[in-house]
Amino acid sequence: MGGIRIVALGLVAGLCTASWAWAAPWMTLTSTSIKDGARIAVRFGGDDQKRACSPRNPAICPCPGKNVSPQLAWHNAPEGTKSFAILMFDVDGQYGAGVSHWVAYNIATTTTELKEGDGTAGTGFTGGAGTRGNPNYIGPCPPQGDGPHHYLITVMATDLEPILAPGLTRDQFLTAAKGHLLTSATIGGLFARDY
């Protein structure tokens, strides 16, 4: 009986060791603000009080949010990483053409988290230019009457030195980063004006 117990303990120890060795060999992205695949809380939505109801309706329908950027944390960046970047994209915006909500780059390798509000304040990164010319985070605010839009937040590890000029659009950043992206991790959520 003692031999069986020793073998069982050995198997458990072996499985635990295998699990630890296997755990997260790739970069991961987590958030205490957004649950992947779920509705994004209203406070993370845009707060533009003069926003048109839709591109085809100039009447004003204020955005309901507080424009607080979400907490983000990433781990297990690959060897050779010299900087990180964050892109937030509404894949349903502009009738399927997409809307860039946040372009952030030149994030130091010593940074593995942005706290709630850091993206709004422009803390810890160089601001690019979203679709509305914004250098910092602008929260979701899809047209009035649209169903929930899908928002993707991607953190990228690059081998670029953190010296890119401010004001790059999403496309300009991706062009500059071509051949320098090492890996990425993404989380997403849904947002509609009417909850």
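The present account deals with the structure reproduced in this document. (Residues numbered from 1 in each chain as written. Predicted model: local features only at pLDDT ≥ 70, side-chain atom pairs only at ≥ 80, totals over all residues. Heavy atoms only, no water.)

## A closer look at the overall build of the protein chain
- Helices and strands together make up the secondary structure of the protein chain, namely three helices and ten strands.
- Along its sequence from the N terminus, the protein chain presents helices and strands in the succession α-β-β-β-β-β-β-β-α-β-β-α-β.
- Pairs at least 24 apart in sequence give 72% of the contacts found in the protein chain among residues at least 6 apart. (Helix = DSSP H or I, 4+ residues; strand = E, 2+ residues; numbered from the N terminus. Contact = heavy atoms within 4.5 Å.)

## A look at the state of the cysteines
- Scanning all chains against the criterion turns up two disulfides.
- Between the sulfur atoms of Cys 53 and its disulfide mate Cys 61 the distance is 1.8 Å. In this structure, the disulfide formed by Cys 53 and Cys 61 twists by about 75 degrees around the S-S bond and is classed as right-handed.
- When its relative accessible area of 6% is taken as the criterion, Cys 53 is described as buried.
- Under the relative-accessibility criterion, Cys 61 is labelled buried at 14%.
- In the protein chain, the bonded cysteines, taken in the order they occur along the sequence, pair up as 1-2, 3-4. (Disulfide = S-S within 2.5 Å. Buried < 20%, exposed > 50% of the residue type's maximum accessible area, 1.4 Å probe, protein only.)

## Notes on empty space enclosed by the protein
- All chains considered together, the criterion is met by one cavity of 30 Å³ or more.
- Of the volumes computed, that of the largest cavity is approximately 40 Å³.
- Lining of the largest cavity is provided by Ile 34, Ile 40, Met 88, Tyr 137, Pro 140, Tyr 151, Ile 153, Ile 187, Gly 188 and Gly 189.
- Counting residues per element, the lining of the largest cavity draws most heavily on strand S10 (residues 181-191), which supplies three residues.
- Class assignment for the residues of the lining of the largest cavity results in eight nonpolar, two polar and no charged. (1 Å grid on protein atoms, 1.4 Å probe; cavity = no way out; pocket = protein on both sides within 12 Å on 5 of 7 lines; lining within 4 Å. Points joined across faces, edges and corners; volume = space filled by probe spheres on them. Nonpolar A, V, L, I, M, F, W, Y, C, P; charged D, E, K, R; others polar.)

## Overview of the sheet that holds strand S5 (residues 83-90)
- With respect to topology, five strands assemble into an open sheet ordered S8-S6-S5-S9-S10, the strand pairing being antiparallel. Where the open sheet ends on each side, the last strands, each with one partner, are strand S8 (126-127) and S10.
- The sheet contact formed by S5 and strand S9 (residues 149-158) spans eight bridges and is antiparallel. Note on S9: the bridge partner recorded for Ile 86 is Val 155.
- Together, S5, strand S6 (99-107), S9 and S10 form the strand contacts of helix H3 (residues 170-177), whose direction differs from that of S5 by roughly 145 degrees. (Pairing = 2+ DSSP bridges. Axes fitted to C-alpha atoms, helices over the stretch in contact; angles between N-to-C directions.)

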